[in-house]
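Residue-level listing of the chains:
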Amino acid sequence: MKQFDVIVWSHEENPEFPTEPPFTDPALGWFFGNDINKSIQESEAEWIVFAHKSVRVDRTFLNDLAQAIEGFPMVDAFAPRLATGVDGKFLAGYLRSGRTGVAMIPDDSKLRFVAAPCPYVAAFSRRIVRLTGGFDHNMSVPMGLVDFSFRMLHAGGKMFSIPYLCATAKNPDEALLPTAKNNADELLVTLFKTFGFFGVLSFMATHPGSIRPLWNNRKDINERRNSAILLSKLKADYIKEISC
């Protein structure tokens, strides 16, 4: 069994992917394309890395990830930091926030559990992927990754942020980030699916324009929520730990 499979995706409608991976290794597999669920089904590695095509996934990053996995065996997923190459700015994992939906952790954050990764790059164990299932095909890939991370919580998974686990990307588009400014409608849906009606009241109060899409599709969304929370292992004390 391979140690890592890397699934490379793009936000573009008709993206161009490389015909050859950046490097090869017997312990590594590569998948290119936006059919995430197809790639998950074909993956056989112990860990799956989801990365936007602008992210540099190299041997250094994978070696650091391997060390993190060895050092924190109780962790099911990792939210790496992302060096943007712009004024020393980093993107990082997110905590759940009542009014804004999610809030990125500060640059000086130490080791901690988070609710979701920066959608540009994340890593999940094969075990938790198998328990969580596939991506929600109704969502864009970046928001689908956030939704997958939330649903993982119901499967008993935990996502960890480690300051030294860092990837790089050239000028990432912040429009892909799970903020209410960019993606309020999808963000409300995924928050509702995981945290329920009372868990999104504050968000709906501050972003009333996102309520109509949720209401118009409430039957389908409720079915998706019921599927996500079936036999849920998510506890109130852990929700508090990954919230701000």
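Please read these numbers as outputs of a predicted model, since none were measured by experiment.

Enquirer: How would you summarise the overall build of the protein if you had to cite specific residues and measurements?
Expert: Counting secondary structure elements, the protein contains 9 helices and 13 strands. The globule rule puts the C-alpha radius of gyration for 244 residues at 18 Å, and the 17 Å found for the protein is close to it. For the protein, with 244 residues in total, the buried portion stands at 52%. The long-range share in the protein, meaning contacts at least 24 apart out of those at least 6 apart in sequence, stands at 74%. If you sum the accessible surface of the protein, you get close to 12000 Å²; carbon and sulfur atoms cover 51% of it. Once the 27 positive and 27 negative side-chain charges of the protein are each reduced to a mean point, those two points are 8 Å apart.

Enquirer: Can you tell me about helix α4 (residues 141–154), naming the residues and giving the values?
Expert: When the terminal C-alpha atoms of α4 are compared, their 20 Å separation across 14 residues agrees well with the 20 Å that a helix rising 1.5 Å per residue should span. Note on α4: the residue one or two positions beyond its end, Gly 156, has a positive phi of about 90 degrees.

Enquirer: Lay out the pairing of strand β9 (residues 101–104) in plain terms, naming residues and giving numbers.
Expert: Direction of pairing for strand β8 (residues 94–97) relative to β9: antiparallel, over a ladder of 4 bridges. The residue of β9 that forms the bridge with Leu 95 is Ala 103. Taking the residues between adjacent antiparallel strands as the criterion, β8 and β9 are bridged by 3 residues.

Enquirer: Go over the layout of surface pockets with me, naming the residues and quoting the values.
Expert: What the largest pocket holds in volume is close to 380 Å³. If you go around the largest pocket, you meet 17 residues; those closest to its centre are Thr 132, Arg 151, Arg 224, Ser 227 and Ala 228. Every element with two or more residues in the lining of the largest pocket is listed here: α3 (126–132), α4 and α8 (218–229). When residues in the lining of the largest pocket are grouped by element, the largest group, 3 residues, is from α8. Across the lining of the largest pocket, the residue classes tally to 6 nonpolar, 6 polar and 5 charged.

Enquirer: With reference to specific residues and values, describe the nonpolar core.
Expert: As a rule of thumb, nonpolar side chains are buried together in soluble globular proteins. Among the nonpolar cores identified, the biggest contains 82 residues, and Phe 78 and Phe 124 are the most heavily contacted of them. Not counting residues up to four positions away in its chain, the partners in contact with Phe 78 are Trp 47, Leu 65, Ala 68, Ile 69, Phe 72, Ala 122, Ala 123, Met 159, Phe 160, Ile 162 and Leu 165.

Enquirer: How would you sum up the packing of helix α5 (residues 180–195) against α8? Please name residues and give values.
Expert: Taken N-terminus to C-terminus, the directions of α5 and α8 make an angle of 45 degrees; their axes are 8 Å apart at the nearest point. Of the possible angle classes, the one that applies to α5 and α8 is oblique. The chirality of how α5 crosses α8 is right-handed. For the pair α5 and α8, the contacting residues are Val 189, Phe 192, Lys 193, Thr 194 and Phe 195 in the first and Ile 221, Asn 222, Arg 224, Arg 225 and Ile 229 in the second. Its residues assigned to classes, the contact of α5 with α8 comprises 5 nonpolar, 2 polar and 3 charged.

Enquirer: Residues and numbers for the pairing of strand β1 (residues 4–9), please.
Expert: Burial analysis of β1 places 6 of its 6 residues in the buried class, which makes it a mostly covered element. Sheet topology places β1 next to strand β2 (residues 28–32); 5 bridges connect them, and they run parallel. Note on β2: the bridge partner recorded for Phe 4 is Leu 28. Two strands pair when backbone bridges link them, and β1 and strand β3 (residues 47–52) are joined in this way by 6 bridges, in the parallel orientation. Residue Phe 4 lies in a different strand from β3, and its bridge partner there is Trp 47.

What counts and how
Residues numbered from 1 in each chain as written. Predicted model: local features only at pLDDT ≥ 70, side-chain atom pairs only at ≥ 80, totals over all residues. Heavy atoms only, no water. Helix = DSSP H or I, 4+ residues; strand = E, 2+ residues; numbered from the N terminus. Rg over C-alpha atoms; globule rule 2.2 N^0.38 Å. Buried < 20%, exposed > 50% of the residue type's maximum accessible area, 1.4 Å probe, protein only. Contact = heavy atoms within 4.5 Å. Areas by Shrake-Rupley, 256 points an atom, 1.4 Å probe, with all protein chains shown as cover. Lys, Arg positive; Asp, Glu negative; His and termini not counted. Charge placed at Lys NZ, Arg CZ, Asp CG, Glu CD. Expected span 1.5 Å × (residues − 1). Pairing = 2+ DSSP bridges. 1 Å grid on protein atoms, 1.4 Å probe; cavity = no way out; pocket = protein on both sides within 12 Å on 5 of 7 lines; lining within 4 Å. Points joined across faces, edges and corners; volume = space filled by probe spheres on them. Nonpolar A, V, L, I, M, F, W, Y, C, P; charged D, E, K, R; others polar. Core = buried A, V, L, I, M, F, W, Y, C linked by side-chain atoms within 4.5 Å. Axes fitted to C-alpha atoms, helices over the stretch in contact; angles between N-to-C directions. Parallel < 35°, antiparallel > 145°, perpendicular 65-115°, else oblique. Left-handed = near helix turned anticlockwise from the far one by under 90°.

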